[in-house]
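Single-letter residue listing:
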Amino acid sequence: MVKPIYDEMGHKADAAVLFVFGQSNAHAHSQFLEESMRLYTPLTHVFSLARQSNQSLIINRVTFEGYKTEGMNLGETQNHTACFAYYTALAWEKAVLSGEELPDLFIVQVSIGSQGIVGGMWNRDKAPALRPGTLHRADIALLPWTEKINHLVMQQLKEQFRHPVVIGCHWIGSENDCVKGCFDHPQLDERYDEHFDRLLGSIGQPCKLYLYEIVLEPDKTADARAPINKALKRQTERLPAVRFVKTDGDCPYMNHDPSAHFGIFDRDDVHYLPRTQRWFSDSFLREVWRLPADTPIKR
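First things first, this report covers the structure right here in the doc. Everything quoted here is computed from the prediction, not taken from an experiment. (Residues numbered from 1 in each chain as written. Predicted model: local features only at pLDDT ≥ 70, side-chain atom pairs only at ≥ 80, totals over all residues. Heavy atoms only, no water.)

**Things to note about the packing of aromatic side chains**
Each aromatic ring pair is described using two quantities: the centre-to-centre distance and the angle formed by the ring planes. Put simply, the rule reads: Pairing of aromatic rings covers Phe, Tyr and Trp, the last through its six-membered ring, and needs centres within 6.5 Å; plane angles under 30 degrees mean stacked, over 60 mean edge-to-face, and all others mean tilted. Runs of H or I in DSSP of at least four residues are treated as helices and runs of E of at least two as strands, each being numbered from the N terminus. Working definition: with a 1.4 Å probe on protein chains only, accessible area under 20% of the residue-type maximum means buried, over 50% means exposed, and in between means partly exposed.
Counting across every chain of the model gives 16 aromatic pairs. With centroids separated by 5.0 Å and ring planes inclined at 80 degrees, the aromatic side chains of Phe64 and Phe106 adopt a geometry described as edge-to-face. Taken as a pair, Phe64 in strand 3 (residues 64–66) and Phe106 in strand 4 (residues 105–111) lie far apart in primary sequence, 42 residues in all. Both residues of the pair, Phe64 and Phe106, count as buried. On the numbers, 5.4 Å between centres and 10 degrees between planes, the contact of Phe265 with Tyr272 is stacked. Members of the aromatic cluster, each reached through a chain of ring pairs, are Phe19, Phe21, Trp122, Trp171, Tyr192 and Phe196.

**What about unusual backbone geometry?**
A positive phi angle is found at His80, which is not glycine, with a value near 60 degrees. Locating His80 in the fold gives a position in the loop between strand 3 and helix 2 (84–97). Positive phi, close to 65 degrees, is recorded for Ser114, a residue that is not glycine. Secondary-structure assignment places Ser114 in the loop between strand 4 and strand 5 (130–131).

**Some thoughts on the pattern of salt bridges**
Rules: Whenever Lys or Arg places a side-chain nitrogen within 4 Å of a carboxyl oxygen from Asp or Glu, that contact is recorded as a salt bridge.
The final tally for this structure, using the stated rule, is 19 salt bridges. For Glu159, the salt bridge goes to Arg61, with nearest N and O atoms at 3.5 Å. Linking Glu159 in helix 3 (residues 142–160) with Arg61 in the loop between helix 1 (51–54) and strand 3, this pair joins segments that are 98 residues apart in sequence. Of the residues examined, Glu159 reaches a relative accessible area of 52% and is grouped as exposed. The partner of Arg234 in a salt bridge is Asp189, with the nearest N and O atoms 4.0 Å apart. Of the two residues, Arg234 sits in the loop between helix 5 (222–233) and helix 6 (235–238) while Asp189 sits in helix 4 (residues 188–203), which places them 45 residues apart along the sequence. A residue is classified by how much of its surface remains accessible, and Asp189, at 30% relative accessible area, is partly exposed.

**So, the nonpolar core**
Inclusion rule: As used here, the term nonpolar core means buried Ala, Val, Leu, Ile, Met, Phe, Trp, Tyr and Cys residues forming a set that is joined through side-chain atoms within 4.5 Å.
By size, the foremost hydrophobic cluster in this structure holds 55 residues, and its most contacted members are Phe19, Val153 and Phe196. For this core, the element with the highest residue contribution is helix 3, accounting for 8 residues.

**Here we look at the sheet that holds strand 3**
Rules: Note on pairing: DSSP must find at least two bridges between two strands before they are called paired. Fitted lines through C-alpha atoms give the axes, limited to the stretch in contact for helices. The angle between two N-to-C directions lies from 0 to 180 degrees. Note on contacts: a residue pair qualifies if any of its non-hydrogen atoms lie within 4.5 Å across the two residues.
In spatial order, the strands read 3-2-4-1-7-8-9; together these 7 strands make up an open sheet with mixed pairing. Edge positions in the sheet fall to strand 3 and strand 9 (242–245), since each of these pairs with one other strand and no more. The sheet shows a mean angle of 25 degrees between the axes of neighbouring strands, taken without regard to direction. This element, helix 2, spans strand 1 (15–22), strand 2 (46–49), strand 4, strand 7 (164–172) and strand 8 (209–212) of the sheet and lies at about 175 degrees to strand 4.

**Considering the pairing of strand 2**
Because side chains alternate across strand 2, one face comprises the buried residues Val46 and Ser48, and the other comprises Phe47 and Leu49, equally buried. Bridge count between strand 2 and strand 4: 3 bridges; the pairing is parallel. Each residue of the ladder has a partner; that of Phe47, found in strand 4, is Phe106. Sheet analysis places strand 2 next to strand 3, joined by 3 bridges and oriented antiparallel. Note that in strand 3 the partner of Ser48 across the bridge is Glu65.

**Remarks on the packing of helix 4 against helix 5**
Operational definition: Oblique is the label for any angle not covered by the other classes, which are roughly parallel (under 35 degrees), roughly antiparallel (over 145) and roughly perpendicular (65 to 115). In this scheme the crossing of two helices becomes right-handed for a clockwise turn of the near helix relative to the far one and left-handed for an anticlockwise turn of less than a right angle. Here the nonpolar group is Ala, Val, Leu, Ile, Met, Phe, Trp, Tyr, Cys and Pro; Asp, Glu, Lys and Arg are the charged ones; every other residue, Gly included, is treated as polar.
With their axes 9 Å apart at the nearest point, helix 4 and helix 5 run at an angle of 40 degrees to one another. In terms of orientation, helix 4 and helix 5 fall into the oblique class. Between helix 4 and helix 5 lies a crossing whose hand is right-handed. Contact residues: helix 4 offers Leu188, Asp189, Tyr192 and Phe196, while helix 5 offers Pro227, Ile228, Ala231 and Leu232. Residue classes in the contact of helix 4 with helix 5 are distributed as 7 nonpolar, no polar and 1 charged.

What follows is the structure, given as structure tokens:
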């Protein structure tokens with residue numbers, strides 16, 4: 001049985017909030033859902049921010065609507081993908097409709113492919129911009145704009161609910177920083193520290209930060225990946241609540257067979273397969289719902 005969610009003072013949550021940030025793997029680039037799995041009818045207990053009504057530099061209030069698989073990433077335009085947010089939304093809706101004692105879930109998702117913290121649109125030095133569009137067309141100064149969105153989200157949910165609880169802030173990205181000029185940047189650690197401080201600070205409520213080990217092209221990029229994973233993992237030492245998700249070793253699908261794309265990737269050895277995204281979601285929900293490690297998550 002799923003366990004209820006409480007805030008730090010012991011109050012039962014009447015709203016749950018999930019933040020998902022990063023680059024292409026945060027929205028499951030090119031991992032398109034079969035037609036029968038796509039959500040055209042909005043869910044009734046999971047809500048998110050639609051691009052059409054929220055992707056603006058002059059926004060003063062956000063607008064939530066029932067979660068669908070189209071138009072719910074405030075970063076680039078890429079719809080109907082088998083991403084972490086999708087699998088989490090399905091499971092949450094199923095649990096509520098099955099009678100579990102859970103509040104409604106509110107998801108905030110911001111990601112654009114090929115954009116890192118040092119090299120890309122999450123860079124703190126990027127000039128202000130917000131041009132919507134698909135990959136290679138979208139141009140957004142992601143960090144300051146996401147800070148604004150986070151603040152508005154939490155401000156409005158606190159107006160609407162008595163005890164909204166952030167169940168997690170997920171960063172599924174940093175692959176783009178595994179290149180020269182980024183992984184060897186003299187300010188790498190300082191920029192990573194500031195990045196996560198600003199994301200968490202804009203949420204304004206203590207919450208757990210989930211960081212995902214970079215394992216792209218495992219047979220080719222070890223030297224480039226090591227400094228980035230170190231910069232991610234150091235957050236576990238300096239922040240109060242961080243889980244570093246060690247894909248290589250914990251994910252049951254991961255292997256070291258290049259011909260099988262290491263068990264977790266599409267053919268490019270960069271983008272996670274749907275089953276990998278689902279494993280991310282299952283592991284997270286077992287933790288949030290305080291379930292045994294072998295408990296199946298229903299959707």
